[in-house]
Amino acid sequence: MEMSAGWLGGRGEDGFVGSLGPMLSVGHKRVPVRLAVGVSPTFLSREKYGPTDFDSTLQFTSHAGLNVRLNSRLTLGYRFQHTSNAALGQRNPGLNLNVIAVGWRF
């Protein structure tokens, strides 16, 4: 499972973005690089950010990327992610992000 929480803004209109969903991570224990993919429902605290209207506060985020294990607990990663309402609304502008991530394994 993966959880994220953050801030999204556009032209002075700020709001919360959060998601929770499954993630699949594959690799070999001798190689410190892992491929990670996932999809999760995403909540926006508002539908409009500046000129962009997401049409709904419920969105879906899919992502794919690589994580590098720096030690037994700390990882550094890059991923490309796409967030949209999966064409459930009249408008579906979507949001594409390049994400640099720091992870801590429990």
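Here the structure is shown first, and the text comes after it.
All values derive from a computational prediction rather than experimental measurement.

## Looking at the packing of aromatic side chains
Working definition: an aromatic ring pair is given by the centre-to-centre distance plus the angle between the planes. Enumeration over the complete set of coordinates arrives at two aromatic pairs. With a centroid separation of 6.5 Å and an interplanar angle of 45°, the aromatic rings of Phe16 and Phe43 are classed as tilted. Taken together, the positions of Phe16 in strand β2 (residues 13–21) and Phe43 in strand β4 (residues 33–44) put the pair 27 residues apart, joining distant regions of the chain. In this structure Phe16 comes out as partly exposed when scored by relative accessible area, which is 39%. Taking relative accessible area as the criterion, Phe43 reaches 44% and is therefore assigned partly exposed. Between Tyr49 and Phe54, the ring centres sit 6.1 Å apart and the planes meet at 75°, which makes this aromatic pair edge-to-face. Given a relative accessible area of 4%, Phe54 falls into the buried group.

## Describing the environment of Arg79
By the secondary structure assignment, Arg79 is in strand β8 (residues 74–84). With a relative accessible area of 16%, Arg79 lands in the buried category. Linking Arg79 and Leu97, residues 18 residues apart in sequence, is a C-alpha distance of 8.3 Å. Aside from chain neighbours lying at most four places away, what touches Arg79 is Glu2, His63, Ala64, Gly65, Leu97, Asn98 and Val99.

## A few points about the pattern of salt bridges
With the rule as written, the count across this model stands at three salt bridges. Across the pair Arg91 and Asp53 runs a salt bridge whose closest N-O atoms are separated by 2.7 Å. On the criterion of sequence distance, the pair formed by Arg91 in the loop between β8 and β9 (95–104) and Asp53 in strand β6 (residues 52–53) is long-range, its members being 38 residues apart. Overall, the relative accessible area of 14% leaves Asp53 in the buried class. Note that Asp55 and Arg91 form a salt bridge whose closest N and O atoms lie 2.9 Å from each other. Highlighted residues: Asp55 in the loop between β6 and β7 (58–69) and Arg91 in the loop between β8 and β9, separated in sequence by 36 residues. Looking at Arg91, the relative accessible area reads 37%, which means it is partly exposed. When salt bridges that share partners are traced, they join Asp53, Asp55 and Arg91 into one network.

Rules used throughout
Residues numbered from 1 in each chain as written. Predicted model: local features only at pLDDT ≥ 70, side-chain atom pairs only at ≥ 80, totals over all residues. Heavy atoms only, no water. Phe/Tyr/Trp six-rings, centres within 6.5 Å; stacked < 30°, edge-to-face > 60°. Helix = DSSP H or I, 4+ residues; strand = E, 2+ residues; numbered from the N terminus. Buried < 20%, exposed > 50% of the residue type's maximum accessible area, 1.4 Å probe, protein only. Contact = heavy atoms within 4.5 Å. Salt bridge = Lys/Arg side-chain N within 4 Å of Asp/Glu carboxyl O.

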